[in-house]
Amino acid sequence: MTTVYAEVGFYEPVWIQILKALVIFAVGLQIVPIVLLAERKLLGRFQNRYGPNRVGPFGAMQPLADIGKLLWKEEFRPRTSIQFLFVLAPIISIITATATLAAVPFGNVVDIFGEPVGLYGVDLNIGILYVFAFGAIAFYGIVLGGWASGSKYSFLGAMRGAAQLISYEVAGGLAVVGVVMMAGTLSLTEIVEAQAADGLWFVIPQFVGFLVFLTAGFAETNRAPFDLPEADAELVGGYNTEYGGGGFATYFMAEYLNIVVISAITATLFLGGWLLPFGIDPPTWVDPLVVIAKIGALSFFFIWIRATLPRLRYDQLMSFGWKILLPLATINTLVTAILVVVW
Amino acid sequence: MAPVFFFIAAVGAIAGAIGVVALRHPLYSVLSLVFHLLSLAALFLLLRAEFVAAAQVVVYAGAVMVLYVFVVAYVGGAQEPMAPSGGLPVRILSLFVVGALLVELLIATLGSGLSAVGEEGAAYAPGFGSPAEIGQLLLTDFLLAFEVSSFLLLIAAVGAVMLARRRGGVDDGEVEGRISVAQLLSPEGLGSMAESVSGRSGVKDEPEGRS
């Protein structure tokens, strides 16, 4: 039997795939502490204070100290909690966040050691659906964490998180449909190539979709102003109230990894992925750096919004999602569909 | 490699399905159903049906099971595990139904399915199972089924709204604290106490409050 491999992209030797997985894992996880430090420093600046500046030069070792502190803490578990699910929930969160990272394209196919290598983990013909599939599983990380804690604050946070995730997933998914229709493909690398062919990033023709997707991204990562699941003023800490030490560190890292992934997906879908503006065509080794720079810029935007906007009330969150965001995304999809057919 | 994955996913699917009926706690039943659905998605992946696998995870493991988890978590049942209900007649009836289902499945498998199980397996054409191909099939060969099922979903959605309205779930009147697009674009009040109490702009309400 002749083996036919996936027709998107091409088949690579196993050692290259393992190497790629390691490199993407390492690079992705290096961005997380940088975003963490940037958030604390920038929040300090936004609030007219210094932010962390004691550990290492300019406080650069602060993430290391944070993680070290968390890992040396006692692993405490409430008596009412359910051990199996209590341990499993943060693991689901971190696995889904890491798995999504595999779909992010950092560049097109290049030659490394004489082998053609795609600068991405996987290039699937379902592309963006892969991301949504893992987003759907990530829901269980939050809900099980809150439910298994056996605490009312955790439970309320988990229920809020669940309602919020499914509400905004619909709008986010519809916002992507516009991009998919314009590119004519679901594959993330081909979406970037479609933007290169048009010479126009999809943020311009799909501006409404961009806004809706970014807003839904804020909600999906439980970030301010949509951080209702962990609203500390009313819910202590939401779904991760009862977690300390390693479990909390895992949730924390999953949240920041999600920010990185959502930034990367937004950059890929709407901001031209590894492309540079004004038709500048750099050598291929610049491509991953461009993607990382765009991830950095979007992560900065996430932090900026957190420092600027207050938290929404819960009913406002829901009515905003269903009555404003969803109709906007639907109209955007319809208009795009008509325009794609007419042109 | 593929046979290993197949057996892991198949054992997972069967274990999940057994767990759904065998576990006493409702939430554990729901979770094992999720596990079952994820195992099925893995089986779809082995069949190179990536789109179906993703749809399975997004729609079933994601959207549908979320509602199950919601209901179980809200309604509770955590304190009182499900007890086997019904007397002897119900059990005999259920055995009968299960037997009928087994016979039906055996007829279906032995009648048609086994002819595809050869040494080679079905031929794989490039593009098979891709979103483009599925879309093409849905809008040509299976257009009628596709449209009819979309009507079914529309009817279900309208019916849900009607039921919610009859029970007073959907409020026709002015909802307190409703926000509009205009309000979001230009916030009139800046978070005053009166605004938070009335749910509207604080400036306009102030004279009424004094009188």
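Everything quoted here is computed from the prediction, not taken from an experiment.

> Outline the overall build of chain B, supporting the account with residue identities and numerical values.
Secondary structure summary: chain B contains 9 helices and 0 strands in total. With 211 residues in all, chain B has 23% of them scored as buried. Within chain B, counting contacts between residues at least 6 apart in sequence, those at least 24 apart form 49% of the total. Element-wise, carbon and sulfur atoms account for 72% of the exposed surface of chain B, whose accessible area totals about 15,300 Å².

> Let's hear about unusual backbone geometry: which residues, and what values?
Residue and element names in this part refer to chain A. The backbone of Asn48 shows a phi angle near 65°, a positive value even though the residue is not glycine. Inspection of the secondary structure assignment puts Asn48 in the loop between helix 1 (14-46) and helix 2 (62-71). Under the relative-accessibility criterion, Asn48 is labelled exposed at 75%.

> Describe the packing of helix 4 (residues 128-148) of chain A against helix 2 (residues 26-46) of chain B, naming the residues involved and giving the relevant values.
Contact geometry for helix 4 of chain A and helix 2 of chain B: axes closest at 13 Å, N-to-C directions at 160°. Here helix 4 of chain A is positioned roughly antiparallel relative to helix 2 of chain B, judged by the angle of their axes. Two packed elements cross with a definite hand, and for helix 4 of chain A against helix 2 of chain B that hand is left-handed. Across from Ile137, Tyr140, Leu144 and Trp147 of chain A in helix 4 of chain A, the residues of helix 2 of chain B making contact are Leu27, Tyr28, Leu31, Val34 and Leu38 of chain B. Classifying every residue of the contact of helix 4 of chain A with helix 2 of chain B by side-chain character gives 9 nonpolar, no polar and no charged.

> Describe in detail the pattern of salt bridges, supporting the description with residues and values.
Residue and element names in this part refer to chain A. If you walk through the whole model with that rule in mind, you get 2 salt bridges over all chains. In this structure, the salt-bridge partner of Arg40 is Asp66, at a minimum N-O distance of 2.8 Å. Of the two residues, Arg40 is situated in helix 1 and Asp66 in helix 2; the sequence distance between them amounts to 26 residues. Judged by relative accessible area, Arg40 falls into the partly exposed class, the value being 33%.

> So what about the confidence of the model for chain A? Which residues, and what values?
In the predicted model, chain A carries a mean pLDDT of 81, and 94% of its residues have values of at least 70. This model gives residues 1-9 of chain A a pLDDT under 50, and the stretch forms 18 contacts once residues within four places in sequence are excluded.

> Lay out the packing of helix 7 (residues 207-220) of chain A against helix 9 (residues 245-270) of chain A with the relevant residues and their values.
Residues and elements named next belong to chain A. Axis separation between helix 7 and helix 9 bottoms out at 11 Å; the angle between their running directions is 170°. Classed by the angle they form, the pair helix 7 and helix 9 counts as roughly antiparallel. Contacts between helix 7 and helix 9 pair Gly209, Phe210, Phe213, Leu214 and Gly217 from the former with Ile262, Ile265, Thr266, Leu269 and Phe270 from the latter. Counted by class, the contact of helix 7 with helix 9 contains 7 nonpolar, 3 polar and no charged residues.

> Lay out helix 1 (residues 2-22) of chain B in plain terms, naming residues and giving numbers.
All names here are of chain B. Here helix 1 spans 30 Å end to end across 21 residues, near enough to the 30 Å set by a 1.5 Å rise per residue. Of the positions making up helix 1, those classed as buried are Ala9, Ala10, Gly12, Ala13, Gly16 and Gly19. The inward-facing, buried residues of helix 1 abut helix 2.

> Explain the packing of aromatic side chains to me, using residue names and the numbers behind them.
Residue and element names in this part refer to chain A. Using the criterion set out here, one finds 14 aromatic pairs over all chains in the structure. Between Phe86 and Tyr243 the ring centres are 4.2 Å apart and the planes differ by 5°, which places this aromatic pair in the stacked class. Pair noted here: Phe86 is in helix 3 (residues 83-101) and Tyr243 is in the loop between helix 8 (232-235) and helix 9, with a separation of 157 residues, a long-range link. Under the relative-accessibility criterion, Tyr243 is labelled buried at 8%. One aromatic cluster in this structure is built from Phe218, Phe300, Phe301, Phe302 and Trp304. Just above the ring of Tyr153 sits the side chain of Lys152; from NZ or CZ to the centre is 5.9 Å.

Cut-off values and rules
- Residues numbered from 1 in each chain as written.
- Chains lettered and ligands numbered in written order.
- Predicted model: local features only at pLDDT ≥ 70, side-chain atom pairs only at ≥ 80, totals over all residues.
- Heavy atoms only, no water.
- Helix = DSSP H or I, 4+ residues; strand = E, 2+ residues; numbered from the N terminus.
- Buried < 20%, exposed > 50% of the residue type's maximum accessible area, 1.4 Å probe, protein only.
- Contact = heavy atoms within 4.5 Å.
- Areas by Shrake-Rupley, 256 points an atom, 1.4 Å probe, with all protein chains shown as cover.
- Axes fitted to C-alpha atoms, helices over the stretch in contact; angles between N-to-C directions.
- Parallel < 35°, antiparallel > 145°, perpendicular 65-115°, else oblique.
- Left-handed = near helix turned anticlockwise from the far one by under 90°.
- Nonpolar A, V, L, I, M, F, W, Y, C, P; charged D, E, K, R; others polar.
- Salt bridge = Lys/Arg side-chain N within 4 Å of Asp/Glu carboxyl O.
- pLDDT = per-residue confidence, 0-100.
- Expected span 1.5 Å × (residues − 1).
- Phe/Tyr/Trp six-rings, centres within 6.5 Å; stacked < 30°, edge-to-face > 60°.
- Lys NZ or Arg CZ within 6 Å of the ring centre and 35° of its normal.

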